[in-house]
Amino acid sequence: MPGPVSDPDNPLALIASSSQEIQRPSVYPIHHRLSPPISRLSISWSRGNCLRVSVFRQQPPSRSSTTITTTDNDDGEVGGRVVELKLSNGSSEIDDATWRRIAYGSVSPFAMLQNRKNSAFALSKVPVASLSNVEWWVYVMEYSKEINSLLGNSKSSPSSVIDDPRTIVKVVEEPTCLKAAWELLEIFYADKQSQAWLPERLVDWLADYDSLFSQTQTTVHSRLVDLQNDLVYLQVIEDDPKYWEMISSALSVGWLDIVVKLLRLHGSYQLDQIGSREIENGLVEAVAVLVSKMPRLRPELVGGRLGECSKNKPDFNMAREKWRAQLTKLDCSGYWVQCGHQQTKEGLRKLLQIMLGNIDSLSASTCHWMELYIAQLLYTRPFTVGLESMYSLAQKCMRLKPVSHLHSLMRLVVGILEENTEVVLAECSKAFGPWMVAHMIELLTAGSDQSETLLLEEHDSLGGISIQELHRIVYAQVLASHTLTWQLAPIYLISCTKQGMGLLEILLHRQPVQHNQGLLKNLEFCRLYELINVSSSIMKIAGICHWKHGRKGSGIFWLQQAQDEFRLNKIAQKLFDFVGKSVSSASFKQWEGLVELLGSDTETAGGLEFLHKYRDFKKSLQQVNDGKANDAARQAVESLIKLMKNPSTPQRFWLPLLYDSLKLLTWPEAPLLNVTQTNLLLNKLQELSMAKLRPDYVEADLPPQALSSVRLALATNLGRAILEE
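Model, not experiment: these values are computed from the prediction.

Asks: Please give an account of the side chain of Q511 that cites residues and values.
Replies: Here Q511 lies in the loop between α23 (500-509) and α24 (516-528). According to the relative accessible area criterion, Q511 is buried, its value standing at 12%. Looking at Q511, its side chain comes within polar contact range of the main-chain oxygen of L507, at 3.1 Å. Other than its neighbours up to four places away in sequence, Q511 contacts W486 and N522.

This is how it looks when you write it as structure tokens:
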């Protein structure tokens with residue numbers, strides 16, 4: 001993105017291009033706890049924004065490199081260590097656990113807004129931003145409020161039952177730059193109803209987040225904290241110049257409740273002095289009342305803040321003129337001559353000048369240009385509307401109150417006032433990372449036609465996608481890089497119309513399939529987004545993975561779910577290796593369960609049909625060997641004849657089947673096979689003898705006398721059967 005041209009006469013021109021300045025390289029210490037000498041380092045990416053750094057000590061001459069990396073050295077040190085180094089994401093004020101909480105909490109409002117957007121688009125057939133529907137702004141504002149609630153509670157604290165009069169600044173929860181930035185975007189882009197009282201919204205914003213600027217420069221908030229710490233040591237507070245400076249500073253930025261509280265700490269309110277300092281106390285109280293009655297162009301006040309609200313400009317203008325007349329009247333009063341305390345007289349008259357909008361007094365009471373900017377909006381330019389005029393005022397304040405270091409929030413404010421969407425995106429991306437950009441774009445496109453055109457327009461340089469889709473994809477990649485957040489990535493990918501579906505398929509394919517819980521979650525995404533082919537492919541991968549790692553039952557189950565006939569038949573062929581073993585083999589139970597899992601639906605020659613019949617034969621034969629009745633022996637003979645008649649029985653298993661059946665062929669009580677059945681088996685034996693002449697014949701793993709034993713048993717059974725008939 002091209003940056004703006006620098007203008008030496010414009011103090012804000014350098015702010016707009018600050019995101020492209022060359023920064024110092026960051027330095028990250030590695031705590032590997034190895035003593036020198038270090039021979040080499042190996043660096044690779046780990047999960048998220050972490051680097052995996054492998055540190056190796058130098059090899060002693062007496063040891064091989066293999067020994068050094070796997071065992072301890074002579075001095076007791078290990079040969080190397082692996083350290084994970086986390087790279088900063090620009091927002092160190094928020095830890096990983098909080099980021100994950102924010103990531104999970106922001107999915108629901110994001111998905112809800114996308115659903116509403118898609119519904120509105122389907123009904124109107126025009127872009128959502130072109131809809132002149134007040135309801136859409138309500139949806140955007142609801143979305144912004146839900147996201148804002150995830151970023152922390154309000155800084156202002158609830159009022160306590162017993163209020164300490166010397167407590168000026170109360171802090172329940174330290175504010176964060178992330179929440180401050182989001183509220184700025186909400187004020188300027190999402191909250192259309194408050195555009196008429198935008199200056200007042202900025203006053204409230206500064207009251208909550210002025211402490212953030214204290215990290216780089218002096219602020220009204222930091223000076224108030226210092227005063228609060230010094231109050232316990234001050235005997236006569238009104239004699240201290242810092243006391244009056246702090247009242248002036250708090251008044252200039254509109255913190256009226258603090259001003260009134262500080263004024264009520266004045267010594268003239270003490271019971272032992274109120275009689276002798278009646279005029280002085282009257283002036284202090286008059287100023288305090290005027291401060292508390294200051295007209296405010298806003299619908300209501302919250303959090304114990306003072307002032308009198310006016311909902312429209314005519315009422316506000318009338319109240320403001322009346323209030324300013326009272327200020328002027330008090331400023332010209334003759335009671336000032338009778339006030340005997342010089343610091344009080346000068347301090348109170350300075351407060352009157354601030355409320356009357358004296359530029360010099362406002363500039364002297366504020367610490368940086370943002371505070372001066374808010375002060376001028378409050379006292380000299382309360383009717384300022386339009387970003388162009390607000391930006392012009394910001395330029396003037398920058399000249400009057402330059403700062404040595406521009407805070408990221410200051411650069412964000414300038415980008416918003418300048419209506420420079422590129423700067424807003426760049427500052428949010430640099431300071432707060434992909435999460436902020438992916439979610440704030442919804443506010444930008446809803447609040448500015450210029451931003452909508454820039455962010456939704458497809459660019460060939462980006463592969464035919466828009467900037468909005470690009471940042472969603474980037475955020476989805478960040479989510480997918482961590483095992484605790486990857487399941488959030490599909491919600492953002494599915495909202496990307498160009499490349500989202502393809503990337504979603506890649507993401508689902510790359511998820512591990514070893515654990516059933518993650519696999520089921522993966523398949524649930526496939527079901528939700530109707531990715532039938534992807535679901536089948538994932539189940540095939542899971543089946544192959546389980547089979548290769550020895551979990552054969554799970555492998556067969558997932559291959560069945562994927563309806564992978566080819567691999568199921570391959571597995572059936574592998575099971576033939578177990579079939580030729582004797583009935584007492586310990587492997588019988590193992591392959592019997594696999595055959596049960598495979599089922600009998602697959603129609604495969606020499607495949608599952610044979611395995612199922614062989615399983616039944618083995619069960620009957622096992623009962624015979626266990627000494628069961630003649631019925632089990634006859635059932636085993638029936639299974640044997642079915643196997644030998646069935647063309648699905650592979651020829652290489654004929655002899656093992658007959659050898660396992662020797663006990664049946666030589667049944668002592670009576671022949672179990674009749675003449676026809678015995679001739680069938682003899683013919684099979686003859687065919688087997690002829691098959692030995694073929695080069696592809698595979699010899700069964702049986703004793704050398706197996707063939708002769710079977711032939712003798714059949715001949716004996718034939719003779720007995722003939723005599724029996």
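There is more to say, and it comes next.
Asks: I'd like to hear about the pattern of salt bridges, residue by residue, with values.
Replies: Overall, the coordinates contain 23 salt bridges when judged by the stated rule. For D208, the salt bridge is made with R305, and the minimal N-O distance between the two is 3.3 Å. Highlighted residues: D208 in helix α6 (residues 198-209) and R305 in the loop between β4 (295-297) and β5 (308-310), separated in sequence by 97 residues. Take D208: its relative accessible area is 13%, and that puts it in the buried class. R305 sits in the partly exposed class, given a relative accessible area of 22%. Note that K293 and E308 form a salt bridge whose closest N and O atoms lie 3.6 Å from each other. Of the two residues, K293 is situated in the loop between α10 (278-292) and β4 and E308 in strand β5; the sequence distance between them amounts to 15 residues. With relative accessibility at 43%, the residue K293 sits in the partly exposed group. One network of salt bridges, in which partners are shared, links E200, D204, D208, R296, R298 and R305.

Asks: Run through the side chain of R201, naming residues and quoting values.
Replies: Of note, R201 is situated in helix α6. At 2.5 Å, the side chain of R201 and the side chain of D191 are in polar contact. Those residues within four positions of R201 in sequence are excluded, and the remaining contacts are E186, I187, D191 and S194.

Asks: I'd like to hear about α23, residue by residue, with values.
Replies: Where α23 is concerned, the buried positions are G500, L504, L507 and L508. Across the axial projection of α23, the buried residues extend over an arc of 95°, all falling on one side. Looking at the buried residues of α23, the elements they touch are α21 (467-480), α22 (489-493), α24 and α25 (532-548).

Asks: I'd like to hear about a nonpolar patch on the surface, residue by residue, with values.
Replies: On the surface, a cluster of nonpolar side chains totalling about 280 Å² of accessible area is made up of I38, L41 and I43. Looking at the element boundaries, I43 is found in strand β1 (residues 38-45).

Asks: Explain the environment of Y492 residue by residue, including any values.
Replies: For Y492, the position within the fold is in helix α22. We classify Y492 as buried; its relative accessible area is 0%. For the pair Y492 and F110, spaced 382 residues apart in the sequence, the C-alpha separation amounts to 8.5 Å. With near-sequence residues (within four places) excluded, Y492 lies in contact with S106, V107, F110, H439, R472, Y475, A476 and L479. Engagement of the side chain of Y492 in a polar contact is seen with the side chain of H439, the distance being 2.8 Å.

Asks: Tell me what's going on with the nonpolar core, and back it up with residues and numbers.
Replies: Membership of the largest hydrophobic core comes to 144 residues, with the highest contact counts inside it found for L185, F188, W205, L263, W369, Y373 and M436. Top element by residues in this core is helix α5 (residues 177-190). It accounts for 11 residues. Among all residues touching W205, those that are not within four sequence positions of it are A180, E183, L184, I187, F213, M370 and L409. A632, M644, L685 and L688 belong to the second-largest nonpolar core, a separate cluster that totals 28 residues.

Asks: Describe in detail empty space enclosed by the protein, supporting the description with residues and values.
Replies: Taken as a whole and assessed by the stated rule, the structure comprises two cavities of 30 Å³ or more. The volume enclosed by the largest cavity comes to roughly 140 Å³. Along the walls of the largest cavity sit 15 residues, with E200, P295, F316, L378 and P382 positioned nearest its centre. For the lining of the largest cavity, the secondary structure elements donating two or more residues are α6, β4, α11 (313-331) and α15 (369-379).

Asks: If you had to explain the packing of aromatic side chains to someone new, which residues and values would you point to?
Replies: Overall, the coordinates contain 13 aromatic pairs when judged by the stated rule. Measuring from ring centre to ring centre gives 6.4 Å for F525 and Y529, while their planes differ by 0°; the resulting arrangement is stacked. For F525, a relative accessible area of 6% translates into the label buried. Directly above the aromatic system of F56 lies the positively charged group of R40, at a separation of 4.1 Å from the ring centroid.

About the criteria used
- Residues numbered from 1 in each chain as written.
- Predicted model: local features only at pLDDT ≥ 70, side-chain atom pairs only at ≥ 80, totals over all residues.
- Heavy atoms only, no water.
- Helix = DSSP H or I, 4+ residues; strand = E, 2+ residues; numbered from the N terminus.
- Buried < 20%, exposed > 50% of the residue type's maximum accessible area, 1.4 Å probe, protein only.
- Polar contact = N/O pair within 3.5 Å; in protein donor to acceptor, adjacent residues only side chain to side chain.
- Contact = heavy atoms within 4.5 Å.
- Salt bridge = Lys/Arg side-chain N within 4 Å of Asp/Glu carboxyl O.
- Arc of directions from axis to C-beta.
- Patch = residues over 30% accessible without salt bridge, like charges linked within 9 Å, V, L, I, M, F, W, Y side chains within 5 Å.
- Areas by Shrake-Rupley, 256 points an atom, 1.4 Å probe, with all protein chains shown as cover.
- Core = buried A, V, L, I, M, F, W, Y, C linked by side-chain atoms within 4.5 Å.
- 1 Å grid on protein atoms, 1.4 Å probe; cavity = no way out; pocket = protein on both sides within 12 Å on 5 of 7 lines; lining within 4 Å.
- Points joined across faces, edges and corners; volume = space filled by probe spheres on them.
- Phe/Tyr/Trp six-rings, centres within 6.5 Å; stacked < 30°, edge-to-face > 60°.
- Lys NZ or Arg CZ within 6 Å of the ring centre and 35° of its normal.

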